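Chain by chain, the residues:
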Amino acid sequence: MHDVARLARVSVSTVSYVLTGARPISQATRDKVLAAMAELDYQPNAMARGLASRRSRIVGLLMPMDERGLGATETAFVTGAAAAASAAGYHLVLSPVGAGDVDDLRRLASQRMLDGAVLMEVQVEDGRVAALQEAGVPLVLIGRTGDTTGLSYVDIDFEQTVREAVDHLVGLGHRRIVYVNHSAATIAAGYGPAVRTRDAFVAAMADHGLAPIMIPAEDSAAGGRAALTAALAQAPDLTAVLAMNENAIFGILGELATRGHAVPRDVSVVSMVTSPQVAELAHPALTAMTSPGSALGRIAVEALLRHLEGAGDSHQQLLPCALEVRGSTGPAAGARDRTDPAGSGPPVT
């Protein structure tokens with residue numbers, strides 16, 4: 001920096017202000033400094049700046065991952081978070097730290113490599129929260145623990161999302177609706193979305209005077225086929241499937257086709273917390289409660305950066321998924337029969 005200042009005939013502090021943007025510098029002076037940097041091939045050393053400022057300008061996005069990697073819906077959370085970090089001059093590092101990896105997280109936090117962290121795939125009781133709090137690492141959740149006192153989080157409004165999905169199906173005349181959730185082990189572990197949608201489905205069906213049927217499914221196409229088989233065993237007269245399991249949804253569609261059930265003529269299907277890219281892969285394209293993943297990732301990082309700057313209280317916000325009707329939902333067979341023998345008339349509910 002001294003060499004740059006000497007060549008540009010400015011003070012070292014002026015070079016610093018050009019690099020950091022901490023104070024406004026005239027365009028003419030800025031151009032002189034940048035030209036000197038180019039001539040000397042000077043590049044700021046991020047690690048050295050971090051030592052001086054006690055900031056790494058790195059934030060972590062902590063989420064468990066397995067051999068399946070990230071799907072399109074999950075990727076939207078990451079890209080939204082990365083864009084917000086980059087816009088503020090921070091780097092986002094994706095780290096596969098799940099709720100059971102508390103010891104690894106403590107080691108990561110002790111190295112002070114991260115200025116702050118965003119947690120994904122949050123469980124109702126999530127040990128990562130206490131570990132980061134004990135280490136003094138600022139954090140924001142994408143999801144919610146059972147007790148959110150003093151915590152910052154953004155999450156999907158699962159209650160409203162499930163209610164609107166059920167209302168859509170009931171409005172089409174469906175009365176036998178089955179909900180395919182994540183696996184029984186995932187629910188038992190307290191995974192927030194699985195627990196909250198289970199409870200919201202029971203409440204939404206009760207509001208319509210209907211009996212709820214929930215089937216857990218492994219996160220795979222085979223799991224979806226097994227779930228559809230179990231659903232038909234419990235409710236052979238089912239006319240609609242609501243699912244929040246993208247990896248299982250294609251197995252559900254495949255099993256319906258194998259059994260000769262046409263979608264949506266015989267069975268309507270709604271996929272929850274889904275990206276348009278995934279919904280359009282199916283045939284017919286899936287009616288979906290579209291995930292606000294990119295917005296949630298962006299809002300979470302923006303809230304975290306405010307904490308790092310010492311500004312703002314706890315940020316707590318819910319966003320619902322948006323219903324996008326495509327080809328996988330239609331009037332229930334009974335509703336079609338009551339209105340139009342050809343099935344072309346409006347449903348009667």
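Quick caveat: nothing in here was measured; it's all calculated off a predicted structure.

Residues V166, F201, L242 and M272 are the most contacted members of the largest nonpolar core, which totals 45 residues. Looking at this core element by element, the count peaks at eight residues for helix α14 (residues 293-308). Each residue touching F201, except ones within four places of it in the same chain, is listed here: V162, V166, I177, V178, Y179, P212, I213 and L242. Counting residues in hydrophobic clusters, the runner-up holds 25 residues, among them I213, L238, I249 and A279.

Let us look at unusual backbone geometry. The omega torsion of the bond from V263 to P264 falls at 5 degrees, within 30 degrees of zero and hence cis. Mapped onto the elements, P264 comes out in the loop between α12 (246-258) and β9 (268-274). The phi torsion at D41 lies on the positive side, around 55 degrees, for a residue other than glycine. Mapped onto the fold, D41 is located in the loop between α3 (27-40) and α4 (46-53).

It is worth spelling out the environment of D266 at this point. Structurally, the position occupied by D266 is in the loop between α12 and β9. Taking the C-alpha atoms as reference points, D266 and A333, 67 residues apart in sequence, are found 6.5 Å from one another. Each residue touching D266, except ones within four places of it in the same chain, is listed here: T239, G260 and H261. A polar atom in the side chain of D266 sits 2.7 Å from the backbone nitrogen of A262. Looking at D266, its side chain comes within polar contact range of the side chain of R265, at 3.0 Å.

Given a rise of 1.5 Å per residue, 14 residues ought to cover 20 Å, and the 20 Å separating the end C-alpha atoms of α3 matches this to within 8%. Looking at the residues trailing α3, positive phi occurs at D41, about 55 degrees.

Here we come to the sheet that holds strand β8 (residues 240-243). With respect to topology, six strands assemble into an open sheet ordered β7-β6-β8-β9-β10-β12, the strand pairing being mixed. Both outer strands of the open sheet, β7 (213-216) and β12 (322-324), are each paired with one neighbouring strand and no more. When the angles between neighbouring strand axes are averaged without regard to direction, this sheet yields 20 degrees. Those strands touched by helix α8 (residues 158-171) are β6 (177-181), β8, β9, β10 (287-290) and β12, and its axis lies near 165 degrees from that of β9.

Along the polypeptide, T73 turns up in helix α5 (residues 72-87). In contact with T73, not counting residues within four places along its chain, are E246, V273, T274, S275, V278 and S291.

Criteria and cut-off values
Residues numbered from 1 in each chain as written. Predicted model: local features only at pLDDT ≥ 70, side-chain atom pairs only at ≥ 80, totals over all residues. Heavy atoms only, no water. Core = buried A, V, L, I, M, F, W, Y, C linked by side-chain atoms within 4.5 Å. Buried < 20%, exposed > 50% of the residue type's maximum accessible area, 1.4 Å probe, protein only. Helix = DSSP H or I, 4+ residues; strand = E, 2+ residues; numbered from the N terminus. Contact = heavy atoms within 4.5 Å. Polar contact = N/O pair within 3.5 Å; in protein donor to acceptor, adjacent residues only side chain to side chain. Expected span 1.5 Å × (residues − 1). Pairing = 2+ DSSP bridges. Axes fitted to C-alpha atoms, helices over the stretch in contact; angles between N-to-C directions.

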